[in-house]
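# Examination of the molecular architecture
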Amino acid sequence: MPNIIELIATVLFAIAIIHTFSVPVFARLAHRNGPHAGIWHLLSEVEAVFGVWALVLLVVIAMSVGVQDAVGYLDTRNFTEPAFVFAIMVVAASRPILELVGALVRLLARIVPIRNELAMFFITLSFVPLAGSFITEPGAMTLAALLLRDAYFRRPGQAAFKYMTIGVLFVNVSIGGVLTSYAAPPVLMVAQTFGWDTSFMATHFGWRAVAAVVLNAGVLTLICRKYLLDGDAKAAEPADDHDERPPVPYGVMAVHLVFLIGIVLGAHHPAVFLGLLMLFLGYAEAYKRHQSRLLIREGLMVGFFLAGLVVLGGMQKWWLQDLLGDLSPLALYWGATALTAITDNAALTYLGSLVEGTNELWRYMLVAGAVTGGGLTVIANAPNPAGFSILKNFFPDGTISPLHLFLSALVPTLVAAFMFLLPNAFG
């Protein structure tokens, strides 16, 4: 039986989930500029939701048990992932990296035998999410969101197009990182326990993910072809300050790429990737003429969101683990897909890895379901808050409706489900 603190934590967790679905209401209240507009604005920031309710939980623990117990609980939490997402987001969003990826996307677009306007959109929603298997999912999400922002999302209106695009983006990033064993948070949490290496991931998950990503991106490109070929849409590309400056020198791009690779390789070691981030900030300041504004605030907000999720999610084991252990493989797949939408797929797979006596089919269904549902909500997958933070201001009321996001991601999620439920080697 759970203790009283665990019950309170679960209630607060449920309130935080309801809060994420209520942010459009708070955003509309904030835009009225009433006497309490500041509070409504804070409550409308999705990135702040779980951090705020995690603080409430810590206050409850401190008041009911003791300050030392609240601090002790924090000390037992692993905040490596929030810190890593912050670091990778800042570096991946730098102007030299963005120009490098943009050039690569344009090169690939010229190879695809369709109109360039369509090819650019297709490559951004397919190649970049699949690249998340190598540069990590947070890195892929940051780059794809910035490319979409600068090429398509700055045009006013077109909410339906933007929701369909972000739905496919979130789903494709969630499933696009499973070609390796280190890039997707839900895979990383269980790879060592389950004995899964990159070869296993590529053969059992990878080809399914590639097929689903390409199909999702291709169908959306076909649906939106009229908008993408519209002259006004092409004219929506921004004329930012840095676009008027000379291109970034290749040497500066190379240095940034080395920092990005170093942070990816040091993803499990905070002292390594945070140290590299500090060096990167110094280098970026020294060569400020080649930089645009670094996403420091956005990265910190995303890290705050994930840290709050770590704090609140750490006390959900009492009901999640038993629930997962009692499910058959097929029921587990759909259960994991659904639970991911209201928890976090990395936390879900970690708790599932603690269940004893499982076979390979059960394990496959757990992870496949977790990555399939990773695009349904902003809290479902660790990189989603990064994309949310970058793109939210281009939606009505300056926020992304959780309900509209869920509906937009539903069809791409079902496509992923179809691919992952095809007969596999486990029977």
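### Focus on the overall build of the protein chain
- Along the backbone of the protein chain there are 24 helices and zero strands.
- Its C-alpha atoms give the protein chain a radius of gyration of 21 Å, within 12% of the compact-globule value 22 Å for 427 residues.
- Seen through its principal axes, the protein chain has C-alpha atoms that stretch 60 × 60 × 40 Å.
- Taking the contacts inside the protein chain whose residues are at least 6 apart along the sequence as the reference set, 81% of them involve residues at least 24 apart.
- When the accessible surface of the protein chain is totalled, it reaches about 17,800 Å², and 68% of it is carbon and sulfur.
- Placing the 23 positive and 26 negative side-chain charges of the protein chain at their respective mean positions leaves the two points 9 Å apart.

### Side note on the environment of aspartate 150
- Counting through the fold element by element, aspartate 150 comes out in helix H9 (residues 137-153).
- Side-chain polar atoms of aspartate 150 contact the side chain of arginine 149, separated by 2.8 Å.

### Overview of the packing of aromatic side chains
- In total, this model carries 20 aromatic pairs according to the counting rule given.
- On the numbers, 5.4 Å between centres and 70° between planes, the contact of phenylalanine 50 with phenylalanine 305 is edge-to-face. Here phenylalanine 50, found in helix H4 (residues 46-64), pairs with phenylalanine 305, found in helix H18 (residues 296-313); they are 255 residues apart in sequence, far enough to count as distant.
- An angle of 20° between the planes, with centres 4.8 Å apart, marks the rings of tryptophan 196 and phenylalanine 200 as stacked.
- In this structure tryptophan 196 comes out as buried when scored by relative accessible area, which is 4%.
- Three or more aromatic residues link up through ring pairs in this structure, and these residues are Phe121, Tyr152, Phe153, Phe161, Tyr163, Tyr227 and Phe395.

### Focus: helix H16 (residues 250-265)
- Under the 1.5 Å per step criterion, the end-to-end length of H16 is 22 Å for 16 residues, consistent within 8% with the ideal 22 Å.
- All of the buried residues along H16 are Val252, Met253, His256, Phe259, Leu260, Gly262, Ile263 and Val264.
- Turning to H16, the residues buried within the fold contact helix H6 (80-92), helix H7 (95-111), helix H8 (116-135) and helix H17 (270-286).

### What to know about the nonpolar core
- Formed by 94 residues in total, the largest nonpolar core has its most connected members in Phe50, Tyr152 and Leu169.
- Per element, the largest residue contribution to this core is ten residues, and it comes from H9.
- For leucine 169, the contacting residues outside a window of four places in its chain are Leu125, Met141, Ala144, Ala145, Leu148 and Leu391.
- Counting residues in each nonpolar core, the second largest holds 41 residues, with Ala184, Phe194, Trp196 and Tyr333 among its members.

### Section: the pattern of salt bridges
- Across all of its chains, the model carries eleven salt bridges by this definition.
- The shortest N-O distance in the salt bridge between arginine 155 and aspartate 230 comes to 3.3 Å. Of this pair, arginine 155 sits in the loop between H9 and helix H10 (159-176) while aspartate 230 sits in the loop between helix H14 (225-229) and helix H15 (231-234), and the two are 75 residues apart along the sequence.
- We classify arginine 155 as buried; its relative accessible area is 15%.

### A few points about the environment of alanine 30
- As for its placement among the helices and strands, alanine 30 is situated in helix H2 (residues 23-31).
- Since its relative accessible area comes to 8%, alanine 30 is described here as buried.
- Each C-alpha atom, one on alanine 30 and one on histidine 41, is 5.1 Å from the other, the two residues being eleven residues apart in sequence.
- Look past the residues within four positions of alanine 30 in its chain and what remains in contact with it is Ala37, Trp40 and His41.

### With respect to the side chain of serine 401
- Structurally, serine 401 can be placed in the loop between helix H23 (384-391) and helix H24 (402-420).
- Contact partners of serine 401, with chain neighbours within four places excluded, come to Pro24 and Tyr163.

### Remarks on a nonpolar patch on the surface
- There is a patch of nonpolar side chains on the surface, built from Leu330, Trp334, Leu403, Leu407, Leu410 and Leu414 and spanning about 570 Å² of accessible area.
- Looking at the nonpolar patch, the elements with two or more residues in it are helix H20 (329-342) and H24.
- Relative to the assigned elements, leucine 414 resides in helix H24.

### A look at the environment of valine 190
- With respect to the element layout, valine 190 can be found in the loop between helix H11 (185-188) and helix H12 (191-194).
- Overall, valine 190 belongs to the buried group, its relative accessible area being 0%.
- Distance in space between the C-alpha atoms of valine 190 and threonine 349 is 6.7 Å, their sequence separation being 159 residues.
- Residues contacting valine 190, with those up to four places away along its chain left out, are Thr349, Tyr350, Ser353 and Val367.

The rules we used
Residues numbered from 1 in each chain as written. Predicted model: local features only at pLDDT ≥ 70, side-chain atom pairs only at ≥ 80, totals over all residues. Heavy atoms only, no water. Helix = DSSP H or I, 4+ residues; strand = E, 2+ residues; numbered from the N terminus. Rg over C-alpha atoms; globule rule 2.2 N^0.38 Å. Contact = heavy atoms within 4.5 Å. Areas by Shrake-Rupley, 256 points an atom, 1.4 Å probe, with all protein chains shown as cover. Lys, Arg positive; Asp, Glu negative; His and termini not counted. Charge placed at Lys NZ, Arg CZ, Asp CG, Glu CD. Polar contact = N/O pair within 3.5 Å; in protein donor to acceptor, adjacent residues only side chain to side chain. Phe/Tyr/Trp six-rings, centres within 6.5 Å; stacked < 30°, edge-to-face > 60°. Buried < 20%, exposed > 50% of the residue type's maximum accessible area, 1.4 Å probe, protein only. Expected span 1.5 Å × (residues − 1). Core = buried A, V, L, I, M, F, W, Y, C linked by side-chain atoms within 4.5 Å. Salt bridge = Lys/Arg side-chain N within 4 Å of Asp/Glu carboxyl O. Patch = residues over 30% accessible without salt bridge, like charges linked within 9 Å, V, L, I, M, F, W, Y side chains within 5 Å.

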